Amino acid sequence: MTTSSTLPSTPSQTVGPYLHIGLTWQDGPFVVPEGTPSAVWIRGRVIDGAGEPITDALVETWQCDEHGRFAHPEDPRSAEIGSGFRGFGRSDTRSGDYGILTVIPGRVPDRSGVLQAPHVDLSVFARGMLHRVVTRAYFADRPEANAADPVLSTVPDDRRQTLLARPSTDGYTFDVHVQGERETVFFDV
Amino acid sequence: MSARHQRTLALPAYRPDPDGTHPPLDSPDYRSTALRHPLRQPLTLPQSATEITGPVLGEGRIGERDNDLTVQHPGEPVGQRIVVHGRVLDGDGRAVPNSLVEIWQANAGGRYRHDADVWPSPLDPNFDGAGRTLTDEHGRYEFTTIKPGAYPWKNHHNAWRPAHIHFSLFGRSLTQRLVTQMYFPDDPLFDQDPIFNSVPEAARNRLVSRFDMNRTTDHWALGFEFDIVLRGREATPFEDDDHDH
Ligand SMILES: [Fe+2]
């Protein structure tokens, strides 16, 4: 590798309090179209170090479809994906909760071919956060897949539950604790 | 290169940014970070297919006038008309083509069109302050807009944000996602701004646009150039066992 030719990355800055002007989309929450038979809502709060909900945050999600296909040119199977599946969700927290309508993703292998449990990657942005934080939501009602997941297995036992979305009336609940005793596990990606 | 190849991706890897690139989440001079930064170290997530892919957006999402913030209303907004342009590159200098760029900003008087912005500076009926565009095949983007004003905030007594435009970039993967702010050269407000100064000193100038006489148009608009660099890929793409036979 010729490090001399590499360009240094542009630094991150906070989205600030007025993020909605630039980052709100009417269809943001819809990873899949409304009416998709297997669709579920993933909802939750983003909570600060004092236990208060952060109402000026933005949550973005990214995942594969139910068959493990990504809506991305790097995935050779992307052409097989139904037109309604975007893979990407975006929701602010002005109502107290974020919420995205999606499907439970399929299982995709990691780099060494080990099958991962179904998971959704989340990026969280907010005023007061100079860089996003990234975490993963797994599904609490998939204990066997979770037990074999190569990423979850690197997470200390007592913190693993912070990565579990729990069944709710219309899907799953996944709160993100930015700081504090119940702090969510975040990842360097 | 068989049936199994279809089930796994040829996974590139994105280089981590070295220390000294991004602001620490715990930046006490910016007071709102106090309760909004994790206290524990992040864990390392080996990049899998989920991380090296990402939303490729834009088709059908960009309106014809979305990259000109001065023509979104019947009248023209007040203020200094500017053209902000540049390239989105990766860390190896390669263009990032066909990639969504979103911006938002205050008006010429430093006021945002937002419920939460209530300081005594007028809204401009002809300015919303939101734009989006796609980079072209060479990674180039361009916006026409109004130079935003500085604005006060409550971080400390007499705190003013230097003029800035918020930028949101997707690149081609989750690992490249970036939200940042572009500043203007020689702003006298830099010294007292904890958000600008949260960036490690050696990296701060990467957030400052360059005045561009070549793109300044006679009797029309001042030009500013702002290139954005997203993470590059490791030189040797990862090869998984399936490709070895
Ligand atoms: Fe701002």
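All values reported here derive from a predicted model rather than from experimental measurement. (Residues numbered from 1 in each chain as written. Chains lettered and ligands numbered in written order. Predicted model: local features only at pLDDT ≥ 70, side-chain atom pairs only at ≥ 80, totals over all residues.)

Participant: Run through the sheet that holds strand β8 (residues 164–169) of chain B, naming residues and quoting values.
Facilitator: Residue and element names in this part refer to chain B. Here we have 4 strands laid out as an open sheet, ordered β4-β3-β8-β9, and antiparallel in their pairing. The open sheet has two edge strands with one neighbour each: β4 (130–134) and β9 (178–183). For this sheet, the mean inter-axis angle between neighbouring strands, taken without regard to orientation, is 20 degrees. Pairing geometry for β8 and β9, over 6 bridges, is antiparallel. Directly across from His 164, in β9, lies its bridge partner Tyr 183. (Pairing = 2+ DSSP bridges. Helix = DSSP H or I, 4+ residues; strand = E, 2+ residues; numbered from the N terminus. Axes fitted to C-alpha atoms, helices over the stretch in contact; angles between N-to-C directions.)

Participant: Outline the interface of chain A and chain B, listing residues and values.
Facilitator: The partner chain B presents 73 residues to the 65 residues of chain A that form the contact. Only α1 (20–23), β6 (119–126) and β11 (187–188) of chain A provide two or more residues apiece to the side of chain A that touches chain B. The element best represented in the side of chain A that touches chain B is β6(A), accounting for 5 residues. Taken together, the residues that form the side of chain A that touches chain B break down as 31 nonpolar, 23 polar and 11 charged. With 2 bridges connecting them, β11(A) and strand β1 (residues 43–44) of chain B associate as parallel partners. Opposite Asp188(A), over in β1(B), you have Thr44(B) as the bridge partner. (Contact = placed C-beta atoms within 7 Å. Nonpolar A, V, L, I, M, F, W, Y, C, P; charged D, E, K, R; others polar.)

Participant: Explain the UniProt feature "domain: Intradiol ring-cleavage dioxygenases" (unreviewed entry) in chain A to me, using residue names and the numbers behind them.
Facilitator: Summarizing the sequence annotation, UniProt attributes the feature "domain: Intradiol ring-cleavage dioxygenases" (unreviewed entry) to residues 39–167 of chain A in the numbering used throughout. As a span, residues 39–167 of chain A carries 7% helix and 33% strand, and end to end its C-alpha atoms are 13 Å apart. (UniProt positions renumbered as here; feature names shortened; annotations may be inferred.)

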